[in-house]
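Examining the three-dimensional arrangement
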Amino acid sequence: MSSTVSYWILNSTRNSIATLQGGRRLYSRYVSNRNKLKWRLFSRVPPTLNSSPCGGFTLCKAYRHTSTEEDDFHLQLSPEQINEVLRAGESAHKILDLESRVPNSVLRFESNQLAANSPVEDRRGVASCLQTNGLMFGIFDGHGGHACAQAVSERLFYYVAVSLMSHQTLEHMEGAMESMKPLLPILHWLKHPGDSIYKDVTSVHLDHLRVYWQELLDLHMEMGLSIEEALMYSFQRLDSDISLEIQAPLEDEVTRNLSLQVAFSGATACMAHVDGIHLHVANAGDCRAILGVQEDNGMWSCLPLTRDHNAWNQAELSRLKREHPESEDRTIIMEDRLLGVLIPCRAFGDVQLKWSKELQRSVLERGFNTEALNIYQFTPPHYYTPPYLTAEPEVTYHRLRPQDKFLVLASDGLWDMLSNEDVVRLVVGHLTEADQHKTDLAQRPANLGLMQSLLLQRKASGLHEADQNAATRLIRHAIGNNEYGEMEAERLAAMLTLPEDLARMYRDDITVTVVYFNSESIGTYYKGG
């Protein structure tokens, strides 16, 4: 990295984040008798569950359960109803590259999401960068509400794309803004992360994105930042802007309220950028990315691309201790949580763990109705030398090979239930079943009577219709497997029937994206094609 870029980044960080520098959950919401949202700290595994050695848990068999509202419900879901619930959030897309003779290294992707919180706090996004032709995939795991995850899912890709623009392209962008002409398109969304709740404040977001590209212009770099630099600085710059937006005086009440919700909630993020054979992954928090690899001998293995940023990561624990006085060594992590409250040690937002107490008071005293906005006001014990939290990501580079078959990105709701190896095994099983299905169809005549007979046999044996989406298969097994790794229909139905006020105590929001690579296309890069 050039000394000019280093100087700019250091100065930018000092000037704009001076007061705020820098899985499992910080706070979970529950409904009290007064129907008010409050903080509550609890273990992911409640007393009614038994921990299993494989990282999952055992759900006690029951045909009836009483919620906190004392409304009985019956665990009587048919296979069709289970499928309907599991497949409601499915998404799939085949990548077509019509502008190049060489097919894209990404063949297709499949995604799905299952909520535990209401509303769901996870977000996901997939977009192509129109300036670089790179594909971007993101998983965003919110906590303390969905506002921060929503904002990051909508804005982060734009910061990365702008960081990768050449000086000439940035000049075109600035010229269009100055002359009030339409901007060059930046992204093409293949999977937009949900309906935007920020339509009324996008002008504020664009203003801050413009300030960012103006600073990039001042660097006079002909080719823009490297991908590693773009990912690193985009995460931190967006987090800085989220913080500054609520510190600035805003007259519009909608803008002020939304900005406050974004800043005081939080989100971890895992993002992948794929351009040809170049795969970069940036991670801040406890979402995770892994590669499914098939060796030349046909054996499958898992290649982790991220490390969870939590108390079980010794490198992360050492980093935190280096950044704070030795007198805080025993209080930085308590009960496996940052300051005793937050399990991920890196995240966007969560300014109550980044700002000084004085800054928090000055912002919250501007007449906000924090109770109506569900803003959590809490200063942990031993809060002496903030910031304790950072959005700085760890960036991993991997040169794709023909044996790299698929990439899985998911929120920690999946990894709490399934190991890396379990996930690879399930995706491989999904691919094997799909290939077998194609073979069977090719070998058998197209006889509707035969197909109907096979469907009836499957239904009579109690088997569910095979999932067409690998992400759905992963979610199904994450919540339906017993302690022996076997699918249990009764357990699956029970987990899907839990009422809203209990579901979050037994499972987390789960969001999964599976990206399949084109081995032939990747092979052409090594053959000089």
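Reference entry: report on the structure contained in this document. What you are looking at is a predicted structure, and each value in this text was computed from that prediction instead of being measured. (Residues numbered from 1 in each chain as written. Predicted model: local features only at pLDDT ≥ 70, side-chain atom pairs only at ≥ 80, totals over all residues. Heavy atoms only, no water.)

1. Observations regarding the pattern of salt bridges
Tallied over the entire structure, the rule returns 18 salt bridges. The residue Arg108 makes a salt bridge to Glu110 at a minimum N-O spacing of 3.8 Å. Taking relative accessible area as the criterion, Glu110 reaches 7% and is therefore assigned buried. A salt bridge links Glu316 to Arg319; the shortest N-O distance between them is 2.6 Å. Of this pair, Glu316 and Arg319 both sit in helix α8 (residues 314-322), three residues apart, roughly one helical turn. When sorted by exposure, Glu316 lands in the same class as Arg319, which is buried. Put simply, Glu316, Arg319, Glu323 and Arg346 are held in one network by salt bridges that share partners. (Salt bridge = Lys/Arg side-chain N within 4 Å of Asp/Glu carboxyl O. Buried < 20%, exposed > 50% of the residue type's maximum accessible area, 1.4 Å probe, protein only. Helix = DSSP H or I, 4+ residues; strand = E, 2+ residues; numbered from the N terminus.)

2. Some details on unusual backbone geometry
Between Ser118 and Pro119 the backbone carries a cis peptide bond, its omega angle lying at 0°. The topology assignment puts Pro119 in the loop between β8 (106-114) and β9 (122-129). The residue after Pro386, namely Pro387, is reached through a cis peptide bond having omega 5°. Phi is positive for Asn133, close to 70°, though the residue is something other than glycine. Relative to the elements of secondary structure, Asn133 occurs in the loop between β9 and β10 (135-143). Since its relative accessible area comes to 53%, Asn133 is described here as exposed. In this structure, Glu335 is a non-glycine residue whose phi angle is positive, near 55°. Its place among the elements puts Glu335 in the loop between β16 (333-334) and β17 (337-338).

3. Points about the packing of helix α2 (residues 79-86) against helix α14 (residues 489-497)
Any two packed helices are characterised by the angle at which their axes cross and by the distance between the axes. Interaxial distance between α2 and α14 falls to 11 Å at its minimum, and their mutual angle equals 55°. Judged by the inter-axis angle, α2 sits oblique to α14. Along this stretch, α2 crosses α14, giving a crossing that reads as left-handed. Between α2 and α14, the residues in contact are Ile82, Val85 and Leu86 and Leu492, Ala493 and Leu496, respectively. Grouping the constituent residues of the contact of α2 with α14 by class yields six nonpolar, no polar and no charged. (Axes fitted to C-alpha atoms, helices over the stretch in contact; angles between N-to-C directions. Parallel < 35°, antiparallel > 145°, perpendicular 65-115°, else oblique. Left-handed = near helix turned anticlockwise from the far one by under 90°. Contact = heavy atoms within 4.5 Å. Nonpolar A, V, L, I, M, F, W, Y, C, P; charged D, E, K, R; others polar.)

4. Considering the state of the cysteines
Applying the stated criterion across every chain, the model contains zero disulfides. We note that Cys270 lacks a disulfide partner, and the nearest cysteine sulfur, in Cys287, lies 6.3 Å from it. (Disulfide = S-S within 2.5 Å.)

5. Focus: helix α4 (residues 167-178)
For α4, which comprises 12 residues, the first-to-last C-alpha distance of 16 Å matches the rise-based estimate of 16 Å (1.5 Å per residue) to within 8%. Taken together, the buried positions of α4 are His167, Thr169, Leu170, Met173, Glu174, Ala176 and Met177. Contacts from the buried residues of α4 go to α3 (147-163) and α5 (202-218). Remark: Met180 follows α4 within two positions and exhibits a positive phi of approximately 60°. (Expected span 1.5 Å × (residues − 1).)

6. Quick look at the sheet that holds strand β14 (residues 288-294)
Spatially, β7-β8-β21-β20-β14-β15 is the arrangement adopted by the six strands of the open sheet, whose pairing is antiparallel. Two strands in the sheet have a free side with no partner beyond their single neighbour: β7 (91-94) and β15 (300-304). For this sheet, the mean inter-axis angle between neighbouring strands, taken without regard to orientation, is 15°. The pairing of β7 with β8 spans four bridges and is classified as antiparallel. Note that in β8 the partner of Ala92 across the bridge is Glu110. (Pairing = 2+ DSSP bridges.)

7. With respect to the environment of Asp467
Looking at where Asp467 falls in the secondary structure, it is placed in the loop between α12 (448-460) and α13 (470-480). Along the backbone, Asp467 and Ala434 are 33 residues apart, and their C-alpha atoms lie at a distance of 9.3 Å. Within the structure, Asp467 has its side chain in polar contact with the side chain of Arg87 (distance 2.8 Å). A distance of 2.8 Å separates a polar atom in the side chain of Asp467 from a polar atom in the side chain of Arg476. (Polar contact = N/O pair within 3.5 Å; in protein donor to acceptor, adjacent residues only side chain to side chain.)

8. Focus on α14
Of all the nine residues making up α14, seven are buried; the element is thus mostly covered by neighbouring parts of the structure. By the burial criterion, the buried members of α14 are Arg491, Leu492, Ala493, Ala494, Met495, Leu496 and Thr497.

9. As for the packing of α13 against α14
In contact at an axis separation of 8 Å, α13 and α14 are set at 95° when each is read in the N-to-C sense. When the interaxial angle is binned, α13 and α14 end up roughly perpendicular. Of the residues in α14, those touching α13 at Arg476, Ile479 and Gly480 are Arg491, Leu492, Met495 and Leu496. Partitioning the contact of α13 with α14 into residue classes produces four nonpolar, one polar and two charged.

10. Here we look at the pairing of strand β20 (residues 404-410)
The buried fraction of β20 is high, at six of seven residues. Judged from the six bridges that link them, β14 and β20 form a sheet pairing that is antiparallel. Looking across to β20, one finds that Val293 is bridged to Asp404. Two strands pair when backbone bridges link them, and β20 and strand β21 (residues 510-517) are joined in this way by five bridges, in the antiparallel orientation. Paired with Val408 across the strands is Val514, a residue of β21.

11. A closer look at the packing of aromatic side chains
In total, this model carries nine aromatic pairs according to the counting rule given. On the numbers, 6.2 Å between centres and 55° between planes, the contact of Phe140 with Phe157 is tilted. Separated by 17 residues along the polypeptide, Phe140 in strand β10 and Phe157 in helix α3 bring together distant segments of the chain. Across the pair, Phe157 and Phe140 agree in class, each one buried. Taking 5.8 Å as the distance between ring centres and 90° as the angle between the ring planes, the aromatic pair formed by Phe264 and Trp355 counts as edge-to-face. Of this pair, Phe264 sits in helix α7 (residues 253-264) while Trp355 is found in the loop between β18 (348-349) and α9 (357-364), placing the two residues 91 residues apart along the sequence. Grouping aromatic residues by their ring pairs yields a cluster made of Phe140, Phe157, Tyr158 and Trp189. (Phe/Tyr/Trp six-rings, centres within 6.5 Å; stacked < 30°, edge-to-face > 60°.)

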